[in-house]
Amino acid sequence: MNKINKNYYILVASFIAVIVQSRLIPHASNFTPVLATGVFCGFYFKNFYSSFLIILISMFIGDLYLGFHNTMFFTYIALAIPVALGVASKFLKVKEILFSGLISSVGFFLITNLGAWITLDMYEKNLSGLMNSYILAIPFFHNTLLSTLLFLFLFKILFELLLNKKTAD
C-alpha cells in the first residue's frame, strides 16, 4: 500500500473514530462534530458517496452501542446535506464555514424533527403537532449550530496546520 492510500485510510478511520467517540462520551445534547465532519469529508474527498458512507458507517456504529430508534432514517438522510455542501464548496473559508454550518444545522433540525413528528406518538398528526415538534426542539438547535461551527473551524485549523507541516517537510 503506497503512502497516499495509507494516509487516506488513516484519515477515513480517524473521521469514523471521532464521530463514534463523540457520540459515546458524555456530551451536551446535540453537541457533536457529526455535521461538521460531513461538511469536511465532502470538502476534502470531493466525492459525495464515499463521504456520505463515512458518516453513515460512523452513525451506525454509534447506534449499535446507543440503540436504534424510530427516527434513524430521518437522521441519516439529514446527514446528506452537510456532505453535499462540503462537496459543493470550492474553499473552506470563514464564509463557507458559516454558510455550510448554518444550512447543515437548519436542514438537520427540519428533517429530524419532521421525522420525530411522523414516528413518535407524542405529537398529534396535524399541523399543530408538527409545529409543536419544532418548537420543543428549539432548545437543542443552538447546540447543533454551535458545535457544527466550532468543529468546522477546528477542522479547518487542524487541516491547515497539517498542510503547512507537510509543505515544510
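Analysis parameters
- Residues numbered from 1 in each chain as written.
- Predicted model: local features only at pLDDT ≥ 70, side-chain atom pairs only at ≥ 80, totals over all residues.
- Heavy atoms only, no water.
- Core = buried A, V, L, I, M, F, W, Y, C linked by side-chain atoms within 4.5 Å.
- Buried < 20%, exposed > 50% of the residue type's maximum accessible area, 1.4 Å probe, protein only.
- Helix = DSSP H or I, 4+ residues; strand = E, 2+ residues; numbered from the N terminus.
- Contact = heavy atoms within 4.5 Å.
- Patch = residues over 30% accessible without salt bridge, like charges linked within 9 Å, V, L, I, M, F, W, Y side chains within 5 Å.
- Areas by Shrake-Rupley, 256 points an atom, 1.4 Å probe, with all protein chains shown as cover.
- Salt bridge = Lys/Arg side-chain N within 4 Å of Asp/Glu carboxyl O.
- Phe/Tyr/Trp six-rings, centres within 6.5 Å; stacked < 30°, edge-to-face > 60°.

**Structural notes on the nonpolar core**
- With 17 residues, the main nonpolar core has Phe-15, Phe-45, Ile-54 and Leu-92 as its most contacted residues.
- Of all the elements in the fold, those that place two or more residues in this core are helix H1 (3-24), helix H2 (34-45) and helix H7 (127-168).
- Apart from residues no more than four positions distant in its own chain, Ile-54 is found in contact with Val-12, Phe-15, Ile-16, Cys-41 and Phe-45.
- Of all hydrophobic cores here, the second largest spans 13 residues; its members include Val-34, Phe-52, Ile-55 and Tyr-76.

**What to know about the environment of Leu-24**
- Along the chain, the position of Leu-24 falls in helix H1.
- Classification of Leu-24 by relative accessible area gives partly exposed; the value is 31%.
- Expressed as a C-alpha distance, the spacing of Leu-24 and Tyr-65, which sit 41 residues apart in the sequence, is 7.9 Å.

**Details of the environment of Ile-111**
- Along the chain, Ile-111 turns up in helix H6 (residues 94-119).
- Ile-111 has contacts with Phe-74, Ala-78 and Ile-81, leaving out every residue within four places of it along the chain.

**Focus on a nonpolar patch on the surface**
- Together, Leu-24, Phe-60, Leu-64, Tyr-65, Leu-66 and Phe-68 make up a nonpolar patch on the protein surface, roughly 640 Å² of accessible area in all.
- Looking at the nonpolar patch, the element that brings in the most residues is helix H3 (residues 48-66), giving four residues.

**So, the environment of Ile-19**
- As for its position among the elements, Ile-19 is in helix H1.
- Residues Ile-19 and Gly-62 lie 43 residues apart in sequence; the distance between their C-alpha atoms is 8.1 Å.

**A look at the pattern of salt bridges**
- Enumeration according to the criterion identifies two salt bridges in this entry.
- Among the salt bridges present, the one from Asp-63 reaches Arg-23, with a minimum N-O distance of 2.7 Å. Taken as a pair, Asp-63 in helix H3 and Arg-23 in helix H1 lie far apart in primary sequence, 40 residues in all.
- For Arg-23, a relative accessible area of 13% corresponds to the buried category.
- A salt bridge links Lys-156 to Glu-160; the nearest nitrogen and oxygen atoms lie 2.5 Å apart. Of this pair, Lys-156 and Glu-160 both sit in helix H7, four residues apart, which is roughly one turn of the helix.
- We classify Glu-160 as partly exposed; its relative accessible area is 35%.

**Describing the packing of aromatic side chains**
- A complete count under the given rule lists 19 aromatic pairs for this structure.
- Measuring from centroid to centroid gives 5.3 Å for Phe-40 and Phe-159, while their planes differ by 75 degrees, and the two rings are edge-to-face. With Phe-40 in helix H2 and Phe-159 in helix H7, the pair connects residues that are 119 residues apart, well separated along the chain.
- Taking the relative accessible area as the measure of exposure, Phe-40 reaches 4% and is therefore buried.
- Phe-159 sits in the partly exposed class, given a relative accessible area of 21%.

**Focus: the side chain of Ser-105**
- As for its position among the elements, Ser-105 is in helix H6.
- Assessed through its relative accessible area of 0%, Ser-105 is described here as buried.
- With residues up to four places along the chain from it excluded, the contact list for Ser-105 reads Leu-35, Phe-141, Thr-144, Leu-145 and Thr-148.

**So, unusual backbone geometry**
- Phi is positive for Asn-30, which is not a glycine, with a value near 65 degrees.
- Mapped onto the fold, Asn-30 is located in the loop between H1 and H2.
- Despite not being glycine, Lys-46 has its phi angle at roughly 55 degrees, a positive value.
- Mapped onto the elements of the fold, Lys-46 is located in the loop between H2 and H3.
- Taking the relative accessible area as the measure of exposure, Lys-46 reaches 39% and is therefore partly exposed.

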